[in-house]
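Next come the chains, spelled out residue by residue.
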Amino acid sequence: MDSGKGSTSGRSGHGPAHDDGGRPRARGRGVLEGAFALLDALRRSGDEAGVTELALLCGVPKASVHRLLDQLVTLGAVERHGNRYRVGPQLYRLGQAWEPHPGLRPAARLPLQRLRAATGASVVLAVLREDMALTVSSVPGDIEPLLPVRDGIAFRLDTAAGKALRGPLRGGPVLDREDVMAGVCCAALPVRTPDGRTVAALAGLVPAGRPLDSLARAVAEAGAAIGRAIARGGPRATPPPAVALVP
């Protein structure tokens, strides 16, 4: 890993680093790769982690982990609590800027809240990313103690949400009656644009024993509301007032 000392490889007495194909590696790329590996290790740790644990998770030497963590804490991308670290607010703010489909998350905000209020279900809006169903918006519900839902959580494609993303073989909802996890049932449906493209899956998760037919109808209504909001362009924030620049 690049230590950041010296402006050229010649000054350090070593040739430039190379990638697996033998091509010279761009300066700084190793640092960036290490930083992203470290951030991903923090994500996978679930809450907080120490330097030794993070070094093992991301395969970066402990000394480099210390240095990277110090830099990431300064930038607000990581928070430090004693000798433990967790993802920081700046990284969260940057992540919130990602939009998997134009207007999807703003369009889903109110329908998700209404679906949770009407059914008590934990509600998940997921998109297809890297062969997983990635949660981009969620509202915790009655199964929270058993299965917490959070933005950024990924589900396998053999779950109800994953099957809805790939497109159900028949019309109607994809139902899961404790097929994936004991004590948890789910109803999921694709969210489609006006031209019929599936851009997300909406799922309601409830404790076992709840009737799924009524849940599926509520999920379908919420999914249709999201589709209509996308077609309208979704809720839009009022732009800030223009500021005149003085030359």
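It should be noted that the structure appears before, not after, this text.
Note that the structure is predicted; figures quoted are calculated from it, not measured.

Each value, and the rule that gives it
Residues numbered from 1 in each chain as written. Predicted model: local features only at pLDDT ≥ 70, side-chain atom pairs only at ≥ 80, totals over all residues. Heavy atoms only, no water. Axes fitted to C-alpha atoms, helices over the stretch in contact; angles between N-to-C directions. Helix = DSSP H or I, 4+ residues; strand = E, 2+ residues; numbered from the N terminus. Parallel < 35°, antiparallel > 145°, perpendicular 65-115°, else oblique. Left-handed = near helix turned anticlockwise from the far one by under 90°. Contact = heavy atoms within 4.5 Å. Nonpolar A, V, L, I, M, F, W, Y, C, P; charged D, E, K, R; others polar. Disulfide = S-S within 2.5 Å. Expected span 1.5 Å × (residues − 1). Buried < 20%, exposed > 50% of the residue type's maximum accessible area, 1.4 Å probe, protein only. Arc of directions from axis to C-beta. Pairing = 2+ DSSP bridges. Polar contact = N/O pair within 3.5 Å; in protein donor to acceptor, adjacent residues only side chain to side chain. Salt bridge = Lys/Arg side-chain N within 4 Å of Asp/Glu carboxyl O.

Direction vectors running N to C along helix α6 (residues 104–119) and helix α8 (residues 212–232) enclose 160°, while the axes themselves pass 8 Å from each other. Classified by the angle between their axes, α6 and α8 sit roughly antiparallel to one another. Judged by the sense of rotation from one axis to the other, the crossing of α6 with α8 is right-handed. For the pair α6 and α8, contact is made by L104, A107, A108, P111, L112, L115 and T119 and by L215, A218, V219, A222, A225, I226, A229 and I230, respectively. Split by residue class, the contact of α6 with α8 holds 14 nonpolar, one polar and no charged.

Two cysteines whose sulfur atoms are joined by a covalent bond form what is called a disulfide. For the structure on display, the rule yields zero disulfides. For the unlinked cysteine C185, the closest cysteine sulfur is that of C186, found at 8.8 Å.

Over its 14 residues, helix α4 (residues 62–75) runs 20 Å from end to end, which matches the ideal 20 Å to within 8%, given 1.5 Å per residue. Along α4, the positions that sit buried rather than exposed are S64, V65, L68, L69 and L72. Mapping the buried residues of α4 onto a view down its axis gives an arc of 130°, with all of them on the same face. Facing away from the buried side of α4 by over 90 degrees, the exposed positions are A63 and T74. Looking at the residues trailing α4, positive phi occurs at G76, about 85°.

Attention shifts here to the pairing of strand β6 (residues 174–177). Two faces make up the sheet, and in a regular strand the side chains alternate between them. Only one face of β6 is buried: it carries V174 and D176, and the other face, with L175 and R177, is open. Pairing analysis gives four bridges linking β6 to strand β7 (residues 184–192), with the strands arranged antiparallel. Paired with V174 across the strands is A188, a residue of β7. Hairpin connection, β6 to β7: the antiparallel pair is bridged by six residues, and E178 has positive phi, about 60°.

When you line up the elements, S122 lands in strand β3 (residues 122–129). Its relative accessible area of 0% is what places S122 among the buried residues. At 2.7 Å, the side chain of S122 forms a polar contact with the backbone nitrogen of G141. Once you skip the residues sitting within four places of it in the chain, S122 turns out to touch V139, P140, G141, D142, I143, E144, V149, A203, G204 and L205.

This part covers the pattern of salt bridges. Across all of its chains, the model carries seven salt bridges by this definition. Across the pair E48 and R86 runs a salt bridge, and its minimum N-O distance is 3.8 Å. Of this pair, E48 sits in the loop between α2 (29–45) and α3 (51–58) while R86 sits in strand β2 (residues 84–87), and the two are 38 residues apart along the sequence. Overall, the relative accessible area of 21% leaves E48 in the partly exposed class.

By themselves, these are just geometric observations and shouldn't be taken as functional.
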